[in-house]
Amino acid sequence: MKDFTEGIQCDYLDTMDMVWERPPTLLDTPMHYCPGCSHSVVHRLLLEVIQELDIQDKTIGVAPVGCSVFAYNYMDIDMQQAAHGRATAVATGIKRVLPDRIVFTYQGDGDLAAIGTAETIHTVNRGENIVIIFINNGIYGMTGGQMAPTTLEGSVTSTTSEGRNISLHGFPIKIADMIALLPGAYYVTRQSVTSAKAVRKTKKALQKAFTNQIENKGGVSFVEVVSNCPSGWKMTPLASNEWIDETIIKYYPLGDIKVPEKG
Amino acid sequence: MKRLMKGNEALAEAAIRAGIKGYFGYPITPQSELLEYMSVHLKNRGGVFIQAESELAAINMVYGAAGCGVRVMTSTSSPGFSLMQEGISYIACAELPCLLVNVVRGGPGLGTIQPSQGDYFQAVKGGGHGDYKMIVLAPNSVQEMADHVYLGADLADIYRIPVTILADGALGQMMEPIEFPEYDIEKHTIDHSAWATRGRINGKRHVITSLYMKPEEMEEINKGLQKKYRDIEEKEIRFESIQTKDADIIIVAFGLVSRIAHKTIELAREEGIKVGLFRPITLFPFPSRQLQALSKKTDLILTVEMNSGQMLEDVKLAVNGQTPVAFYGRMGGVIPQPEEILKVLKEKQNQLSLRKKV
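All values reported here derive from a predicted model rather than from experimental measurement.

Enquirer: In this structure, what is going on with the overall build of chain A? I would like to understand it.
Expert: Helix and strand counts for chain A stand at nine helices and nine strands. Computed over the C-alpha atoms, the radius of gyration of chain A is 19 Å, within 12% of the 18 Å expected from 2.2 N^0.38 for a compact globule of 263 residues. Across the 263 residues in chain A, those meeting the buried criterion constitute 54%. Partitioning the intrachain contacts of chain A with sequence separation of at least 6 by distance along the chain shows that 67% fall at a separation of at least 24.

Enquirer: Please explain helix α10 (residues 288–295) of chain B as it appears in this structure.
Expert: The α-helix advances 3.6 residues per turn, and as a result positions three or four apart in sequence lie on the same side. Leu291(B), Leu294(B) and Ser295(B) are the residues of α10(B) that are buried. Projected onto a plane normal to the axis of α10(B), the buried residues spread over an arc of 100° and lie on a single side.

Enquirer: I would appreciate a short explanation of the sheet that holds strand β3 (residues 102–108) of chain A in the present structure.
Expert: The strands that make up a sheet are held in pairs by hydrogen bonds between backbone atoms, and each pair lies either parallel or antiparallel. The eight strands lie next to each other as β9(A)-β7(A)-β8(A)-β4(A)-β3(A)-β1(A)-β2(A)-β9(B), forming an open sheet whose pairing is mixed. Each edge of the open sheet is held by one strand with a lone partner, namely β9 (255–258) of chain A together with β9 (207–208) of chain B. By the bridge criterion, six bridges tie strand β4 (residues 131–136) of chain A to strand β8 (residues 220–226) of chain A in an arrangement that is parallel. Paired with Ile135(A) across the bridge in β8(A) is Val225(A). Most of the contacts of helix α1 (residues 38–52) of chain A go to β3(A), to which it runs at about 175°, and overall it touches β1 (59–63), β3, β4 and β8 of chain A.

Enquirer: Help me out: how do you make sense of the nonpolar core in this one?
Expert: Nonpolar side chains in soluble globular proteins tend to be buried together. Phe222(A), Phe24(B), Met38(B), Val72(B), Met73(B) and Ile251(B) are the most contacted members of the largest nonpolar core, which has 147 residues in total. For this core, the element with the highest residue contribution is helix α6 (residues 142–159) of chain B, accounting for nine residues. Residue-level mapping places this core at the junction of two domains, with at least three residues from each of domain 1 (3–235) and domain 2 (239–357) of chain B. Setting aside residues no more than four positions away along its own chain, Phe24(B) makes contact with Gly93(A), Val48(B), Ile50(B), Ala58(B), Met61(B), Val62(B), Ala65(B), Val72(B), Met73(B), Thr74(B) and Ser75(B). Among the nonpolar cores identified, the runner-up in size contains 34 residues, and Leu47(A), Val49(A), Val69(A) and Ile102(A) belong to it.

Enquirer: So what exactly am I meant to see when it comes to α6(B) here?
Expert: Residue and element names in this part refer to chain B. Over its 18 residues, α6 runs 26 Å from end to end, which matches the ideal 26 Å to within 8%, given 1.5 Å per residue. Most of α6 sits inside the fold, with 16 of its 18 residues counted as buried. Arg160, located one to two residues past α6, shows a positive phi value of around 50°.

Enquirer: How should I be thinking about the state of the cysteines in this particular structure?
Expert: Under the definition given, this model contains zero disulfides over all chains. A disulfide-free cysteine, Cys229(A) has its sulfur positioned 6.1 Å from the sulfur of Cys67(A), the nearest such atom. Of all cysteine sulfurs, the one in Cys68(B) lies closest to Cys98(B), which takes part in no disulfide; the gap is 13 Å.

Enquirer: Would you mind showing me how to read the domain arrangement of chain B here?
Expert: Accessible area lost upon the coming together of the parts is a frequently used measure of interface size. Residue and element names in this part refer to chain B. In terms of domains, chain B is made up of domain 1 (3–235) and domain 2 (239–357). Taking only C-alpha atoms into account, the centre of domain 1 sits 29 Å from that of domain 2. Contacts between the two partners involve 34 residues from domain 1 and, on the opposite side, 28 residues from domain 2. Summing the contributions of domain 1 and of domain 2, the shared interface buries around 2400 Å²; its carbon and sulfur component is 55%. Looking only at domain 1, the three residues that lose the most surface to domain 2 are Gln117, Tyr120 and Asn140, adding up to 31% of its buried area. The interface formed by domain 1 and domain 2 includes three salt bridges. A salt bridge links Glu144 to Arg279; the nearest nitrogen and oxygen atoms lie 2.3 Å apart. There are 17 residue pairs in polar contact (both at pLDDT 80 or more) connecting domain 1 and domain 2. Broken down by secondary-structure element, the contributors of at least two residues to the side of domain 1 that touches domain 2 are α5 (120–126), β6 (135–137), α6, β7 (162–168), α7 (169–173) and α8 (215–235).

Cut-off values and rules
Residues numbered from 1 in each chain as written. Chains lettered and ligands numbered in written order. Predicted model: local features only at pLDDT ≥ 70, side-chain atom pairs only at ≥ 80, totals over all residues. Heavy atoms only, no water. Helix = DSSP H or I, 4+ residues; strand = E, 2+ residues; numbered from the N terminus. Rg over C-alpha atoms; globule rule 2.2 N^0.38 Å. Buried < 20%, exposed > 50% of the residue type's maximum accessible area, 1.4 Å probe, protein only. Contact = heavy atoms within 4.5 Å. Arc of directions from axis to C-beta. Pairing = 2+ DSSP bridges. Axes fitted to C-alpha atoms, helices over the stretch in contact; angles between N-to-C directions. Core = buried A, V, L, I, M, F, W, Y, C linked by side-chain atoms within 4.5 Å. Domains from an automatic or database assignment. Expected span 1.5 Å × (residues − 1). Disulfide = S-S within 2.5 Å. Buried area = accessible area lost by both parts, 1.4 Å probe. Salt bridge = Lys/Arg side-chain N within 4 Å of Asp/Glu carboxyl O. Polar contact = N/O pair within 3.5 Å; in protein donor to acceptor, adjacent residues only side chain to side chain.

Here's what the structure looks like:
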């Protein structure tokens with residue numbers, strides 16, 4: 001790691017306590033994400049959880065096609081890059097031949113809820129013991145801001161220039177609610193990372209999801225993170241987070257959708 | 001001891017004996033017996049069986065499991081093989097070893113469920129996007145349906161390449177006596193720990209990908225693949241040559257058609273026509289040099305296929321105009337008869353001698 005203190009004249013640097021540092025599981029690579037994007041926050045939370053649960057050497061992640069296609073560049077764990085929409089099928093292949101490893105997918109809305117809907121639903125329906133992390137930012141960021149299956153009604157994108165029109169483009173899909181109906185879903189939650197409090201809640205959700213897998217509870221643990229896309233939405237990072245808190249969560253309310261029954 | 005078995009079941013049993021640890025498939029005629037056999041026997045013998053929701057999912061399960069360095073396979077028939085092409089392109093680029101089986105049926109479209117060789121181009125030329133190749137094996141008996149599994153699994157591991165067994169509906173459905181060869185899985189196991197994703201082997205992370213953002217980098221990846229394909233062309237060509245030494249006419253045929261053509265040779269020789277058979281066993285790598293050498297000593301080459309003339313293009317490229325190349329094909333699931341081929345052969349021979357007289 002580059003020594004950022006080089007050349008800085010400061011007597012008390014050596015005597016200060018380290019209160020915040022990069023988890024070793026997060027590689028020291030400049031991220032390609034736009035400033036203010038939720039992806040980098042969720043990456044960090046995910047890798048903190050992997051670090052804290054001490055599963056770095058037994059975890060295999062699956063990266064999708066979309067903005068997080070390069071997720072493996074930032075994660076010091078084994079990873080496979082899947083074809084568009086097929087991440088959960090790839091994860092199924094991995095988990096079934098190596099059942100003692102910890103397997104997760106990290107997917108966007110286009111990947112998980114459009115082109116890969118069949119794989120998503122059937123992976124959950126088989127009750128695969130994996131974690132699915134779903135970044136719902138309501139837009140195709142990587143390809144330049146086209147409509148996603150989760151784009152809200154009225155939202156302007158590069159393929160809905162007059163705003164999403166339900167009669168033409170259909171309804172924004174609530175895939176987390178759909179899969180929560182399946183017996184193969186063990187834990188389904190929807191969170192965000194728009195504030196410090198929300199970040200802490202998302203981390204807790206990820207901890208729970210990975211712990212479920214480690215404890216072999218049986219079934220998919222699904223963590224949706226309602227995320228921003230300042231570049232795609234043409235907003236500042238702050239304004240995009242406010243948009244989530246004030247508007248998006250009315251359609252995609254935060255909180256647990258399915259929790260394991262006690263006992 | 002020999003056993004009487006269906007082609008699809010012989011292939012499935014051989015796969016388990018060859019150490020296949022994961023099978024991911026979707027039902028489709030005429031290969032469903034393979035899937036059904038695996039659902040019982042692979043599971044009972046310690047392997048993983050999943051009936052996937054589609055061939056798309058199946059091939060991507062193969063990708064994931066193969067990426068862990070585990071011997072895995074899938075099987076399908078033509079329409080399902082089309083669905084798998086995307087995944088195969090990714091597998092080829094990520095250099096993952098796996099065994100694929102296409103029990104070909106008549107096409108295009110939903111086509112028929114009868115045997116065909118209409119997927120030659122798709123298998124041999126690369127049906128998915130980008131510059132890639134698979135090793136393609138063409139069995140012509142139930143015995144070879146089994147034998148090619150061992151060969152294919154080994155070649156896949158050695159070259160880190162998808163290997164396709166290109167059979168057809170008849171080979172899958174017909175019964176013949178077969179014997180499973182001795183095969184020591186331990187001796188044939190290749191250590192994949194230098195690249196497989198099993199959770200940071202020796203503290204080093206591995207990434208399976210086919211994505212490279214810089215074109216120069218992607219070109220290097222391509223050069224590496226092409227080098228591997230040239231190496232395979234150098235070392236792995238397999239073919240069969242029957243009664244070609246004194247032959248005036250050579251029939252070129254693969255798979256089921258080569259069995260039928262064998263009978264045509266007998267019939268022709270009874271009538272004093274010297275006919276031989278050249279049978280490519282590996283469709284990629286194609287035995288071009290061997291066919292070229294043979295073509296110099298013959299008057300006519302007749303390519304017979306159960307398609308509209310797909311291998312024909314590779315035959316012509318190999319012969320390179322040195323000898324006339326004729327073609328006869330049946331399509332849509334129709335199997336040519338030995339007498340039918342003999343009749344065509346005589347016609348082509350007459351046309352040739354007439355042309356010579358002129």
